[in-house]
Structure formats: C-alpha cells, structure tokens
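# Results of the structural survey
What follows is each chain in one-letter form.
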Amino acid sequence: TPYDYIVVGAGPGGLIAADRLSEAGKKVLLIERGGPSLGWTGGTYQAPWLEGTNFTKFDIPGLFESMFTDSNDFWWCKDITTFAGCLLGGGTAVNGALYWLPTTHDFSAAAGWPASWANADPYTAKLSARLPGTDNPSTDGKRYLEQSFNVMTQLLTPQGYTNITINSNPNFKDHAYGYSAFSFMNGRRAGPIATYYKTAIARSNLKYFDDTTVLNVVRNGSQISGVLTDNPLIGPAGFVPLNPKGRVVLSAGTFGTSRILFRSGIGPSDMITLVQGDPVAGPQLPPQSQWINLPVGYNVSDNPSINLVFTHPTINDYDNWADVWTSPPPADVAQYLKDQSGVLAQASPRVNFWRAYSSPDGITRWLQGTVRPGAASVTTGYPYNASQLMTITAYLSTGITSRGRIGINAGLTATILENPWFTDPIDKQILLQGLNDIVSTVPLVPGLTLITPDNTTTLTTYVNTYAASNLNSNHWVGACQVGSVVDENTKVEGTNNLFIIDSYQIPSLPMGNPHGMLMSAAEQAVAKILSLTGGP
Ligand code: 6FA
Ligand code: ABL
C-alpha cells in the first residue's frame, strides 16, 4: 500500500513529524530501525528488581548513568562511531533528558536561520503544551541529592550569577543558574515518546514498523518513489512505495540521515563512491548522471565540553551511580515503585548555568555548565573521598565557530571524518577562559577541592592535552543554510519530495542541550511541509 508520507526514524524529529502528519489526516508510515524502549511501548529491558513491573531501564530517570556502564548496551547504534540511540525515541530514550525551551537567538539569522524561521514562539508553545518539562521531577515535589546546588550557589554568587527558574525565562542566559530541567513527566522518562508517539500510534492512518532499517530512498532523478528497507514484511523485497504526490521525511539523526542520503546518491562524490564500492549498497545507487552533489556531512558542529571534578564534604554522589542498575538502595526502589518519587525520579544533573563571553572576533560565545554528583573519571594525585565527587561539565555553546565533517567509511559505518572541536582557536580560548572563571571562586567555598585537574596540571595544560574524543558532547547538528543541503521548507535541494526533520537540519548549536530546541524546530518544519503545495 502506498503512503502519503514515509517518516524514517522514531527520534524526536521523526515522532513529531509522524504525529503532526497523521493528525492532519495523512496516511503515514513511520519506520524505526530499533525496537521498543519504555515499558508501555513494549520494552522489556529490566533488572531483576524490576520484574513484575512495567518499568524498563529507559523509563526510570535515575538509571540514566547506567547507560554508559552496562555491558548489554544494545540501544547504541553499532554502526555509528559516536553515541546514538537506535530504539524507539532515538537519543531521547537514553539521554540525560536535560530540556531547555529555545531562546530567541536559537532561531535567529545569527544562528544561521532564514528569516522565515525567526518566529519560533508559536511552535515552542505547541511543544511546551505537549511537554512542559520540569525542574522538580520527583512526584512528591521534593528535591533529592541536591547538595551540589548549595555548593554551586556559593561558587557562582560571588561571580555575579542569579538563581532563576531556567525555562521560565529562556532568554536569560548570562550569569544565570538554576535547577536542571528535564523532559520527564510523572517521575518517568517522557520526551517525545510519552507525548507525540502516544497520540500518533493511536491513529489508524499511521502505521509503525520497528526493527526495520531504511537503506536508501528510491528515486528517478529528483522524484522519490519510495524507500528500500531490510524488511521484506513491509513490502516486496523490502520496498515501500509513496503515493504519486507522496513525500519522504528523513529523521534518522545527523549520522543516520547523512548515510541514507549517501546511499541514495545524494552528497559529496567521495562518499557516494564509497557506497558504489559496497557489494550490497552499490547496485542500489542511481546512475552517476543522477547523483546530486550536496555538501552533506560538512559543517557539522558539536559542543566541545570539558569536565572539572571536585570533592566537597556535603556531597553524596550516590556511590557514583555505580550500583544503580545492579543493586540500588532498596528504600529508594520501594519509594520509586510506590509513586515514582525519590532519587530515582531524576537523572544525574542537578544544576545548570550559563554565561556569555564577548570574543576577539566580535562574536558572543556562551558557556553552559552542567553539574552532577559523581564523575565519569578521576585523574588526580590527591587522596580523595570517592563518595563526595561532583562534576562540572563546561560546554562551549552558541557562538561556537568550529566546524567538522562527518560521513561514512568503506564499511558504511557512519563516523567523524574531521573533528569539529577547537578548529577555531578562539573557541578553545573562550572555553579556557570560562573554566578559569568557574574555578576563580573555589577558595571562597569552604571544603571545595578541585581534584581533576590537580595542582600538578594547570587549566591551560589540561585543556591543551584533553583527549579529542572526550570533548564530544553528543550534540551533533548539521548545516542547512538555504541553498546548501535543504531549502527553507527543509526540502533536500535537487529533489521534489524529500525532506529532513532532525538534528541534521539545525544550522548551529542552540543555547542548551538540544532536544528541546530541535523539537520546536520539528514542529515548525512539519507545519511548513504541510502548507507546501503539491503534496498529498
Ligand atoms: N539532548 C538534550 O537535549 N539533553 C540531554 O540531556 C541529552 N543527553 C544526551 C545523552 O546523554 C546522550 C548519551 C546522547 C547520545 C545524546 C544526548 N542528547 C541530549 C542529544 C539528543 O538526544 C539528540 O540531539 C537528539 O536525540 C537528536 O535527535 P534526532 O531526531 O536528530 O536523532 P536521534 O538519533 O535521536 O533519532 C534518530 C532515530 O532514527 C533513531 O531512533 C534511530 O534508531 C533511527 N534511525 C537511524 N537510522 C535509521 C534507518 N536507516 N532506518 C530507520 N531508522 C533509523
Ligand atoms: C547531555 O546533553 C550530554 O549529551 C551527555 O553527554 C550528558 O551525560 C547528559 N546530557 C547529562 O548531562 C553525560 C553523563 O553524565 C556522563 O556520565 C557520561 O560520561 C557522558 O554523558 C558521556 O558523553
């Protein structure tokens, strides 16, 4: 059966697209390569202490840190060399769920958007009506493991910071700090799954296929006729056709969407040549005369981030989250299972802060900090108390000028081709300045000790020798300047009916962790597509 719209990928972009298109009465097929995540979606990944409940690892916010330490980490895409979620919800099924309503700057010309995108407020309002977010996720209204908030108040107040409710004032992002906000609801992971997916899947005009990978779009020149998948149950030899006026929306994430484009003969010729050399994918390419040469994979950006690890006698780091999956404290389990309250109702972050920096090139760059009890790694010559760890991750955010390139290798694994961090030395200079400012008031906070780096390493040396791969923030966004890969309605240049709605079509990094901003962008993108003439 042909479809009006085929949406590829059930991450935040794809779920919003699928929900709004099906709400408009279109016949929609949503295809996801992974399986279910949350318990009510059919997910079954449970620790023994969850047996008999419908809570999976993905439902319980407090299990977030165990995503990185579980040996059975089936949810990460195995053919992408950075962290990416391959399951219902994509990154939002496994991420820290820090949730920030976008700023005006996030959709401005300075951020790379065409003027037709500048008024994002109605779309952000649509998003927050569905998913308000909370900085107080435990259902009993209490805050847990909040010791780091007091430490940060002592550290940041002398630097001129103001404590605010961050999502009540999205544009206040200079010398502002507050409680971390999340896309959780009712003490559970929610995001686009508990909202957009929930309404989409209930509609009879939406069909959902999971465990199905889209290999390429099938096209004759500029006209897409359908998608080829690895699942013969979806259609003959895995092919699904579009209606004559139908459209494909790619929402497979920055890496996944790029690979589908290459495999469809769209992108730089060096990437398509690699596809040509693959015995399975090569024969599916359109003839070379129909290749569409676009800078797919260029100009990608990700926040460079640097961890500072501290100890403070008041901090309880929850045993650094080490046993949270295997043997969490029984009282916390009982409390969570009773009414979704307590420590397990929140992911690890506790405090976020922002500061703006003017830079020698005239561009304002923002620094964002995320504070959590615990630490991913400690390198120190000091003796220290391992149950009193606190990490500040400092991200260089909006204004960053460094860019890199992603693509595929000969095995068609999606990978970084050129690192996107610190290609502009000014980015490094400003992040270093930010780190120096953060630690400038440590002597004013009794008991607070910076242990990584310790006193044998200056911050300058620490930054200069920080492993490039550790700078990764998992916040990949691409380049979509009009006339580059997509036009201002998110249509891929050189095609009639191929669209992109995901992190790939975001031109530059937003102020905060991106999933809130990119869901607002998805609301706007799908509205633009629906109002475009010539469609189904
Ligand atoms: N963003 C935030 O805002 N706050 C956070 O706290 C936060 N934390 C993390 C985090 O802790 C980790 C470990 C990671 C990896 C990311 C984090 N992010 C955070 C970033 C945020 O999750 C991402 O920016 C966001 O999920 C990107 O959304 P996209 O729509 O661009 O893409 P996804 O990768 O989420 O989804 C793509 C979907 O397509 C997946 O479900 C995938 O399985 C599917 N897919 C890919 N290729 C496909 C194919 N060929 N066929 C079918 N399906 C495909
Ligand atoms: C994000 O936006 C980042 O993409 C994640 O890297 C980050 O989580 C979450 N939000 C929460 O702030 C961190 C974990 O806290 C670390 O334990 C882990 O080592 C790191 O991700 C890996 O990138």
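Keep in mind that what you see is a predicted model, and the values were worked out from it rather than measured.

### Considering the overall build of the chain
Looking only at helices and strands, the chain has 10 helices and 19 strands in total. For 536 residues, the compact-globule estimate of 2.2 N^0.38 gives 24 Å, and the C-alpha radius of gyration of the chain, at 23 Å, lies within 12% of that figure. Counting only C-alpha atoms, the chain reaches 70 × 55 × 45 Å along its principal axes. Per-residue burial over the chain gives 61% buried out of 536 residues. For the chain, the share of sequence-separated contacts (at least 6 apart) that also reach a separation of at least 24 residues comes to 73%. On the chain, roughly 18800 Å² of surface is accessible, and the fraction owed to carbon and sulfur atoms is 52%. Positive and negative side-chain charges of the chain, numbering 31 and 38 respectively, have mean locations separated by a distance of 7 Å.

### Considering the pairing of strand β12 (residues 305–311)
For β12, the buried fraction is high: 6 of the 7 residues fall into the buried class. Across 7 bridges, the pairing between β12 and strand β15 (residues 389–396) is antiparallel. Considered in β15, the bridge of V309 is made with T391. Note: β12 against strand β18 (residues 449–452), 3 bridges, orientation antiparallel. Looking at the pairing, T311 lines up with T449 of β18.

### As for the site of ligand 2
Around ligand 2, a shell composed of 14 residues is seen, among which E65, S473, N474, H475 and N513 lie nearest. One of the side-chain nitrogen or oxygen atoms of E65 is found 2.5 Å away from an oxygen atom of ligand 2. In the environment of ligand 2, an oxygen atom lies 3.1 Å from a nitrogen or oxygen atom belonging to the side chain of R372. About the coverage of ligand 2: the protein hides 80% of its 470 Å² of free accessible area. Per-class residue counts for the shell around ligand 2 are 7 nonpolar, 5 polar and 2 charged.

### Some words on the packing of aromatic side chains
According to the stated counting rule, one finds 25 aromatic pairs in the structure shown. Here the aromatic residues Y45, F58, F64, F68, F74, W75, W76, F83 and W325 are joined through ring pairs into a cluster of three or more. For K27, the ring lying beneath its charged end belongs to Y3, and the centroid distance is 5.3 Å. Across the ring face of W117, the terminal group of K528 is positioned such that the distance to the ring centre comes to 4.7 Å.

The rules behind the values
Residues numbered from 1 in each chain as written. Chains lettered and ligands numbered in written order. Predicted model: local features only at pLDDT ≥ 70, side-chain atom pairs only at ≥ 80, totals over all residues. Heavy atoms only, no water. Helix = DSSP H or I, 4+ residues; strand = E, 2+ residues; numbered from the N terminus. Rg over C-alpha atoms; globule rule 2.2 N^0.38 Å. Buried < 20%, exposed > 50% of the residue type's maximum accessible area, 1.4 Å probe, protein only. Contact = heavy atoms within 4.5 Å. Areas by Shrake-Rupley, 256 points an atom, 1.4 Å probe, with all protein chains shown as cover. Lys, Arg positive; Asp, Glu negative; His and termini not counted. Charge placed at Lys NZ, Arg CZ, Asp CG, Glu CD. Pairing = 2+ DSSP bridges. Near = heavy atom within 4 Å. Polar contact = N/O pair within 3.5 Å; in protein donor to acceptor, adjacent residues only side chain to side chain. Nonpolar A, V, L, I, M, F, W, Y, C, P; charged D, E, K, R; others polar. Phe/Tyr/Trp six-rings, centres within 6.5 Å; stacked < 30°, edge-to-face > 60°. Lys NZ or Arg CZ within 6 Å of the ring centre and 35° of its normal.

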